[in-house]
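Listed here are the chains, written in short residue letters.
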Amino acid sequence: MIIAIAAILLIIVMSITSRQRENISEIERWVGNIFTPVQKVFSTGVTTVGDSLSSVFNIGKIKKQNGDLSNQVEELQKELIQLRMERDELEELRELRYMLNVVEEKDSFSSVAANIIGKTPSNWFDIFTIDVGTKNGVYKNSIVLASNGLVGRVTEAGDNWAKVSGIIDNNSSVSFQVLRDANTQGIITGSITSDLSGYLFDSLAEVVVGDKLVTSGLGIFPRGILIGEVSDVARTSDQLLRTIKVEPAVNFKKLSKVLVMTPKNTVE
Amino acid sequence: MKILIIGIIIAVNLILQSTLLQYFKIFDVLPNTGLILVISFAIYNGKNKGAIIGFFVGLLQDIIFGRIIGLNACVYMITGYLVGMINRKVFKENLLIPFTLTAIATVFYESVNLLLIYLLGYRIELLNFFKKMIVTEVFYNSIVSVFIYIYVTKLYQSKYMKKRYY
């Protein structure tokens, strides 16, 4: 009997908290403040041991990777020279634009580095906690990046901790554009198996495997952050939508450090 | 004393789950040691305490990692209550008990989870649900549960849990 009442009460709490909330409650804040420091100590130890163990086991792999990387450096250096030349051209164009008084859209962000201190034990969502919070200028809907791409956004922020929901999460959607052609846009969503899949707005648009996707600037993510690479293109059976599978640029399994960016105008 | 020990175990379990156990994922599935602890404690404590323990395990998980407060608390509480109901009817030394109970409870837990998540308007994928939750997680949980159950049994035979000054 008591159980039934308690269950009904909990369902009411659920329906309240499942909506978008501006702030977290006092209780959550305190439990988080007590728990996260302990968790941080633990996760630092575990990551250190885990990383050193895995590097011992993967020495062969690392050597091969080293070779690959030095090849890549050579290629990139060639590319760099070309890009430098293009940059000069771009600067000229910017100056021209300035002369024509075009209003610049400029988002300014304050950024702070953070460690991941725990990942969710639930198999349903992809949520993790980081060791920065409102005291470090991180708020709800701050953007979380790794060195090579988009990770997700902050869903709740406590004093010195915050919950981040990844883009591979079941409930996340990100609007993207194809890097090579800014007019080809669409939406990708995560799933419980941590795959990214999505569709294009224009079913006739040309997308091939290997295309790089970046954020399009619709929604809370600013324009131009790398999301990942298209790994599969298919059509739905009714030929109306073109669906794609995406390999995220960030390796979510080995993620341990992230960069959190907060738009400056939202900070109170 | 008893409450303190169980509380510490619950807290340490959540920390381990979020850090160390992340390295032991099989097919991207984490063993739900929280659920196994609730089942083991419920077998020894009966339905009412089982429900209370389940409630706190779930609530803690919800606050630290959840998106919806109350989801896990509700499911763990019901699971603890139902498992606790058979408390007096089983031989507690038999290791098949935690194995089968965990298998059944995992299916139950994930089904209620699925229902609640669906009702709250989240997207669900049935095929992936069966692959990930029903097949992989049930096996993984059941096997891990045997080891945890052995330790919980030892704990209940030790002198700390017999003294009742709380």
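Provided above is the structure to which this section pertains.
In what follows, the accompanying structure is described. For clarity, every value in this text was computed on a predicted model and none was experimentally measured.

Cut-offs used in this document
Residues numbered from 1 in each chain as written. Chains lettered and ligands numbered in written order. Predicted model: local features only at pLDDT ≥ 70, side-chain atom pairs only at ≥ 80, totals over all residues. Helix = DSSP H or I, 4+ residues; strand = E, 2+ residues; numbered from the N terminus. Rg over C-alpha atoms; globule rule 2.2 N^0.38 Å. Buried ≥ 20, exposed ≤ 12 C-beta atoms within 10 Å, placed from the backbone. Contact = placed C-beta atoms within 7 Å. Pairing = 2+ DSSP bridges. Axes fitted to C-alpha atoms, helices over the stretch in contact; angles between N-to-C directions. Left-handed = near helix turned anticlockwise from the far one by under 90°. Parallel < 35°, antiparallel > 145°, perpendicular 65-115°, else oblique. Nonpolar A, V, L, I, M, F, W, Y, C, P; charged D, E, K, R; others polar.

## A closer look at the overall build of chain B
Phase 1 of the analysis: Along the backbone of chain B there are 6 helices and 0 strands.
Phase 2 of the analysis: Counted from the first residue to the last, chain B has its helices and strands arranged as α-α-α-α-α-α.
Phase 3 of the analysis: Its C-alpha radius of gyration of 15 Å places chain B within 12% of the 15 Å reference for a compact globule of 166 residues.
Phase 4 of the analysis: A principal-axis box enclosing the C-alpha atoms of chain B has dimensions of 50 × 30 × 30 Å.
Phase 5 of the analysis: Considering chain B as a whole, with its 166 residues, one finds that 46% of them fall into the buried category.
Phase 6 of the analysis: The contacts in chain B between residues at least 6 apart in sequence include a share of 71% that link residues at least 24 apart.

## Section: the pairing of strand β7 (residues 181-189) of chain A
All names here are of chain A.
Phase 1 of the analysis: Summarising the sheet, strand β6 (residues 173-178) and β7 pair through 6 bridges and their orientation is antiparallel. Opposite S173, over in β7, you have T189 as the bridge partner.
Phase 2 of the analysis: Linking β7 to strand β8 (residues 196-200), which pair antiparallel, is a turn of 6 residues; within it S194 sits at a positive phi near 60 degrees.

## Digging into the sheet that holds β8 of chain A
Phase 1 of the analysis: Taken in spatial order, the 6 strands close into a barrel running β6-β7-β8-β11-β10-β9 (chain A), and their pairing is antiparallel. On average, each strand axis in the sheet is inclined to that of its neighbour by 45 degrees, with strand direction left out of account.

## Notes on the packing of helix α4 (residues 71-84) of chain B against helix α5 (residues 96-119) of chain B
All names here are of chain B.
Phase 1 of the analysis: Between α4 and α5, whose axes approach to 10 Å, the crossing angle comes to 145 degrees. α4 and α5 meet at a crossing whose hand is right-handed. For the pair formed by α4 and α5, the contact residues are L71, V75, I78, T79 and V83 on the first element and L101, A105, F108, Y109, V112, N113 and L116 on the second.

## Some remarks on the packing of helix α2 (residues 33-45) of chain B against helix α6 (residues 126-157) of chain B
In helix packing, the relevant descriptors are the interaxial angle and the interaxial distance, both defined with respect to the helix axes.
Residues and elements named next belong to chain B.
Phase 1 of the analysis: Contact pair α2 / α6: the axes reach a minimum separation of 9 Å and the direction vectors enclose 45 degrees. Compared by their axis directions, α2 and α6 come out oblique. At the point where α2 passes α6, the crossing takes the right-handed sense. Across the interface between the two elements, T33, L35, I36, L37, I39, S40, F41 and Y44 of α2 pack against N141, V144, S145, I148, Y149, V152 and Y156 of α6.
Phase 2 of the analysis: For the contact of α2 with α6, the class distribution of residues is 11 nonpolar, 4 polar and no charged.

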